[in-house]
Amino acid sequence: MPKYVITLESDDVEVSCEAASKEEALSHVDDLVEIQKAVLEKLKQKPKAGVSRRRGRSEAVEVLRVLEEQLIPSSFFSQPRSTGEVREKVAELVNVKFQSRKVSQALGILHQKNILARVGLRGDYKYYLKKK
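Residues numbered from 1 in each chain as written. Predicted model: local features only at pLDDT ≥ 70, side-chain atom pairs only at ≥ 80, totals over all residues. Heavy atoms only, no water.

### Quick notes on the sheet that holds strand β4 (residues 116-119)
Working step 1: The three strands are arranged β3-β5-β4 in an open sheet whose pairing can be described as antiparallel. The strands lining the two open edges of the sheet, one partner per strand, are β3 (81-82) and β4.
Working step 2: Along the sheet, helix α5 (residues 100-112) makes contact with β4 and β5 (126-129), crossing β4 at roughly 110 degrees. (Pairing = 2+ DSSP bridges. Helix = DSSP H or I, 4+ residues; strand = E, 2+ residues; numbered from the N terminus. Contact = heavy atoms within 4.5 Å. Axes fitted to C-alpha atoms, helices over the stretch in contact; angles between N-to-C directions.)

### Some details on the packing of helix α3 (residues 59-71) against α5
Working step 1: Running from N to C, α3 and α5 cross one another at 55 degrees; their axes reach a closest spacing of 8 Å. In terms of their interaxial angle, α3 and α5 are classed as oblique. As α3 runs across α5, the sense of the crossing is right-handed. Here E59, A60, V63, L64, L67 and E68 of α3 come into contact with α5, specifically with K102, V103, Q105, A106, L107, I109 and L110.
Working step 2: A class-by-class count of the residues in the contact of α3 with α5 yields nine nonpolar, one polar and three charged. (Parallel < 35°, antiparallel > 145°, perpendicular 65-115°, else oblique. Left-handed = near helix turned anticlockwise from the far one by under 90°. Nonpolar A, V, L, I, M, F, W, Y, C, P; charged D, E, K, R; others polar.)

### Focus: the packing of aromatic side chains
Working step 1: Tallying each qualifying case throughout the model produces two aromatic pairs.
Working step 2: Judged by centre distance (5.1 Å) and plane angle (85 degrees), the ring pair of F76 and F77 falls under edge-to-face. Like F77, F76 is buried.
Working step 3: Ring plane angle 65 degrees and centroid distance 6.2 Å describe the contact between Y125 and Y127, whose orientation is recorded as edge-to-face.
Working step 4: On the basis of relative accessibility, which here comes to 2%, the residue Y127 falls in the buried class.
Working step 5: Its guanidinium or amino end placed over the ring of F76, R81 lies 4.2 Å from that ring's centre, counting from NZ or CZ. (Phe/Tyr/Trp six-rings, centres within 6.5 Å; stacked < 30°, edge-to-face > 60°. Buried < 20%, exposed > 50% of the residue type's maximum accessible area, 1.4 Å probe, protein only. Lys NZ or Arg CZ within 6 Å of the ring centre and 35° of its normal.)

### Thoughts on the nonpolar core
Working step 1: By size, the foremost hydrophobic cluster in this structure holds 17 residues, and its most contacted members are L67, L71, F77, V86, V90 and L107.
Working step 2: The set of elements that each furnish at least two residues to this core consists of α3, α4 (83-94) and α5.
Working step 3: The element contributing the most residues to this core is α3, with five residues.
Working step 4: Ignoring anything within four residues of it in the chain, the contact list for V90 reads V66, L67, L71, N95, V96 and F98. (Core = buried A, V, L, I, M, F, W, Y, C linked by side-chain atoms within 4.5 Å.)

### Looking at α4
Working step 1: Between its first and last C-alpha atoms α4 spans 16 Å; for 12 residues at 1.5 Å apiece the expected length is 16 Å, and the two agree.
Working step 2: Among the residues of α4, T83, V86, V90 and A91 are the ones counted as buried. All buried residues of α4 project into a common sector of 135 degrees when viewed along the axis, lining one side.
Working step 3: Of the surrounding elements, those touching the buried residues of α4 are α3, β3, α5 and β5.
Working step 4: Positioned one or two residues after α4, N95 has a phi angle of 65 degrees, which is positive. (Expected span 1.5 Å × (residues − 1). Arc of directions from axis to C-beta.)

Written out as structure tokens, the structure reads:
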């Protein structure tokens, strides 16, 4: 005996109906649509677990902005500077003490952009402005 299955899929929701005849399967289509809409609506109301929503800009982006707008145009990087020295100077300028690793990340980005050069061993780099 044939079996008829109607399945509606949308996003992460799948609703199915199994019937013994075509007529029976077709008679349940409206119910399936209604159930699917109801489930989708309930899922929209629940906050998604594990999804972090960022508020504002990341620390590294803020440090990068300060470096590009204030320190690079000045003579600060005319001599090699450690991450700690840069962190202190940024804190002095914007009155916020950023995490050392975020300052280091911003300095690394400027190094990759070929704006700053560095000397020393990994973990003990000193950054200075590249001569143009």
